[in-house]
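# Topology and contacts: notes
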Amino acid sequence: MSKGLSRREVLRTAAVAAVGVPLVGSAVAEQQRKWLHSEPIRFGIIGVGGKGWSGMEQAAQFGDIVALCDIDVNPRAKGMAEHPKAAAFTDFRHMIDAMRGRVDAVVISTPDHVHAPAAAYAMRAGLHVYCEKPLSRTIWEARRLQELARQFKVQTQMGNQFTSHNPLRKTAAAIQKGLLGKVIEIHLWTDRPGGWWKQGVPRPEAKIAPKTVDFDLWLGPSPERPFADGYHPFSWRGWWDFGTGSLGDIGCHNFNLAFQALDLRDPISVQAQTSGHNRDSFPAWSIVTYEFGARGERAPMKLYWYDGGKKPPQELAPGVEFGGNGSLIVCEKGTLYAPNEYGGDPRLLSGDPIPETDFVESPGHMAEFARAIKEGKPANSNFPDYSGPLTETVLLGNLAVWADGPRLEWDSKRMQVKGGSKEYDPLIRPTYRPGWAL
């Protein structure tokens, strides 16, 4: 270690390199060094296990982990071993109240049903918020988080990491500038659920919760039910009360390229066919059709979503073997294919290169959040301008999944299904248990 540099400074310098920012020879690099080596950002981590662990490790590159919160003793203890100076909590509300003035930002990696209550509580306390995808479990919550971010003037970022992937940004810019002609239609697919978690299944048998888990806190805002295998720590995604199915899990990644290119907010309708479901567990598979009206120079268009093993018609990409996840964007001048759930590594089926164009490069996803806190320039996937509207679009598909057949016309301004039906209202704006409202 060089004399005069602390271990933290060495690690932060390495972090700059890791997110693709050159260490010498540019004004940008000098700017990055200044905010990385200034007063460290103090992070609180809400949800330490699973994705929370990688979020914590990424945040540690840009600041200090001063507080850890998890309803499960085991991941919390593991986090404390990694960050022994951090205060530990079971309830994020207690953490935020107790750490006022000693924490600057939170990283939220809980199940979907706790995202919005945790993010709202943190923003009301004046904290900057990084929240994993999807931003919320319901459409109204996504809209409310946009409003709170503006009201409390905090920096925000959603964990759809490939928003900051420069090849995706370049391709989105080429589409946006019309270099591939008009977009005709979009097809997105994922292999979730199936081998990842089960859907379209009956509720599991009730059991006594492990002593290491505070299951009442895990339930948070959702209706009471007994503990069972298949909720904590992972398979909650397939249950309507807790998760958002495959759309919520992968949609905020898989929609990303098209959303960034075409500003796919405010669909005018959605319609789905599914394997059928009991409205407790999501269906085993679904195909959802989104309709978008004209927006600026963007013509009306449709987007098709497939999950649970369903895939687009093969004739859209002759000779291409569709993997478990991917996207096709059919344009006048060629069809773009991205062979994974992130929109990464996009290429034209013709073999031609994607047209060169200018775009705003990213230093990395967590780096954008840290820079936003330090400099006040919002991260690209901030709640009001990007990730909130993206989440609304993605989650609207779940109304169609619930309906399983009817075409639902959508009033985005009022957040209502047109026609006066109240059936979908609880899916749009949930009712919370006492103590958990936004």
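Here the residue index of a chain counts from 1 through its sequence in written order. With pLDDT at 70 or above as the cut-off, local features in this predicted model cover only qualifying residues; side-chain atom pairs require 80 or more to be listed or tallied, and sums for whole chains, interfaces and linings still use all residues. Values reported for side chains reflect all heavy atoms of the structure, with hydrogen atoms and water molecules removed beforehand.

## Re helix 4 (residues 73–82)
The cut-off we apply is this: Exposure classes here rest on a 1.4 Å probe applied to the protein chains alone. A residue is buried below 20% of its type maximum, exposed above 50%, and partly exposed in between. By definition, any uninterrupted DSSP run of H or I lasting at least four residues is a helix, any uninterrupted run of E lasting at least two residues is a strand, and each is numbered from the N terminus. An arc is given here, and it is the one of the directions from the helix axis to the C-beta atoms. Two residues form a contact once any of their heavy atoms are found within 4.5 Å. Nitrogen and oxygen atoms within 3.5 Å of one another constitute a polar contact, given that in protein one can donate a hydrogen and the other can accept it, and given that sequence-neighbouring residues count only through two side-chain atoms.
Looking at helix 4, one finds that the buried residues are P75, R76 and G79. End-on, the buried residues of helix 4 take up no more than an arc of 100 degrees, which puts them together on one face. Exposed and facing more than 90 degrees away from the buried side of helix 4 are K78 and A81. Close packing links the buried residues of helix 4 with helix 3 (51–60), strand 2 (63–69) and strand 3 (87–89). Residue D72 occupies the N-cap position of helix 4, its side-chain oxygen lying 2.9 Å from the main-chain nitrogen of N74.

## Thoughts on the environment of G126
Along the chain, the position of G126 falls in the loop between helix 6 (112–124) and strand 5 (128–131). Overall, G126 belongs to the partly exposed group, its relative accessible area being 41%. Residues G126 and A149, 23 residues apart in the sequence, show an inter-C-alpha distance of 9.4 Å.

## Let's talk about the layout of surface pockets
By rolling a water-sized probe across the atoms, one finds the places where empty space is left. Rules: For cavity detection a 1 Å grid was placed over the protein atoms alone, and a set of points counts as a cavity when a 1.4 Å probe fits there but cannot get out; an open set counts as a pocket when protein lies on both sides within 12 Å along at least five of seven lines, with lining residues being those that have an atom within 4 Å of a point. Grid points are joined across faces, edges and corners, and a volume is the space filled by probe spheres set on the points. Residue polarity is assigned by list, with Asp, Glu, Lys and Arg as charged and Ala, Val, Leu, Ile, Met, Phe, Trp, Tyr, Cys and Pro as nonpolar; anything else, Gly included, falls into the polar class.
In this structure, the largest pocket encloses a volume near 830 Å³. Around the largest pocket, the lining is made up of 40 residues, and of these G49, K51, S109, T110 and W236 lie nearest the centre. At the level of elements, helix 6, helix 9 (215–219) and helix 10 (245–254) are the ones that each hand at least two residues to the lining of the largest pocket. Taken together, the residues of the lining of the largest pocket sort by class into 19 nonpolar, 11 polar and 10 charged.

## A word on the pattern of salt bridges
Selection rule: One speaks of a salt bridge when a side-chain nitrogen belonging to Lys or Arg is within 4 Å of a carboxyl oxygen belonging to Asp or Glu.
Across all of its chains, the model carries 26 salt bridges by this definition. Among the salt bridges present, the one from R100 reaches D97, with a minimum N-O distance of 3.6 Å. Put simply, K207 and D229 hold a salt bridge, and the shortest N to O gap is 2.5 Å. Residue K207 is found in the loop between strand 7 (183–189) and helix 9, and its partner D229 is found in the loop between helix 9 and helix 10; the two are separated by 22 residues along the sequence.

## Here's the deal with the packing of aromatic side chains
The relation between two aromatic rings is expressed through the spacing of the ring centres and the mutual angle of the planes. Note the threshold: Working definition: rings of Phe, Tyr and Trp (its six-membered ring) pair if their centres are within 6.5 Å, and the pair is stacked with planes under 30 degrees apart, edge-to-face with planes over 60 apart, and tilted otherwise.
Enumeration according to the criterion identifies 21 aromatic pairs in this entry. Pairing F215 with W218 gives two aromatic rings, centres 5.3 Å apart and planes at 10 degrees, and the pair type is stacked. With F215 and W218 both in helix 9 and 3 residues apart, this pair spans about one turn of that helix. Residue classification places F215 among the buried positions, given a relative accessible area of 8%.

## With respect to the side chain of K170
Within the secondary structure, K170 is located in helix 8 (residues 166–176). Of the polar contacts made by the side chain of K170, one reaches the side chain of E356; its length is 2.8 Å. The contacts of K170, once residues within four sequence positions are left out, are I354, P355, E356, T357 and F359.

## As for the packing of helix 3 against helix 4
Worth spelling out the cut-off: Angles shown run from 0 to 180 degrees and are taken between the N-to-C directions of axes, each axis being a line fitted to C-alpha atoms and, for helices, limited to the stretch in contact. Any angle from 65 to 115 degrees is called roughly perpendicular, while one under 35 is roughly parallel, one over 145 is roughly antiparallel, and all others are oblique. Throughout, a crossing is termed right-handed when the near helix is turned clockwise from the far one, and left-handed when it is turned anticlockwise from it by less than a right angle.
The geometry of helix 3 relative to helix 4 is characterised by a closest axis approach of 11 Å and an angle of 20 degrees between their N-to-C directions. Considering their axes alone, helix 3 and helix 4 lie roughly parallel with respect to each other. The hand of the helix 3/helix 4 crossing is right-handed. When helix 3 is examined against helix 4, the residues W53, M56 and E57 are found in contact with a partner set consisting of K78, G79 and E82. Considering only residue class, the contact of helix 3 with helix 4 consists of 2 nonpolar, 1 polar and 3 charged.

## So, empty space enclosed by the protein
Applying the stated rule across the entire model yields 3 cavities of 30 Å³ or more. No other element matches the 3 residues that helix 13 (residues 383–403) contributes to the lining of the largest cavity. Partitioned by chemical class, the residues of the lining of the largest cavity number 6 nonpolar, 4 polar and 1 charged. Looking at the second largest cavity, the residues that line it are Q199, T244, G245, S246, L247, F282, P283, S286, D307, N398 and V401. A per-element tally of the lining of the second largest cavity places helix 10 first, with 3 residues. Considering only residue class, the lining of the second largest cavity consists of 4 nonpolar, 6 polar and 1 charged.

## Points about the confidence of the model for the chain
Any segment with low pLDDT has predicted coordinates that should not be analysed in fine detail. Let me state the cut-off plainly: pLDDT is defined as a per-residue confidence score from the predictor, taking values between 0 and 100.
Confidence in the prediction of the chain, expressed as mean pLDDT, is 91, and 92% of residues score 70 or more. The low-confidence segment residues 1–25, where pLDDT is below 50, has 39 contacts with residues more than four positions distant or belonging to other chains.

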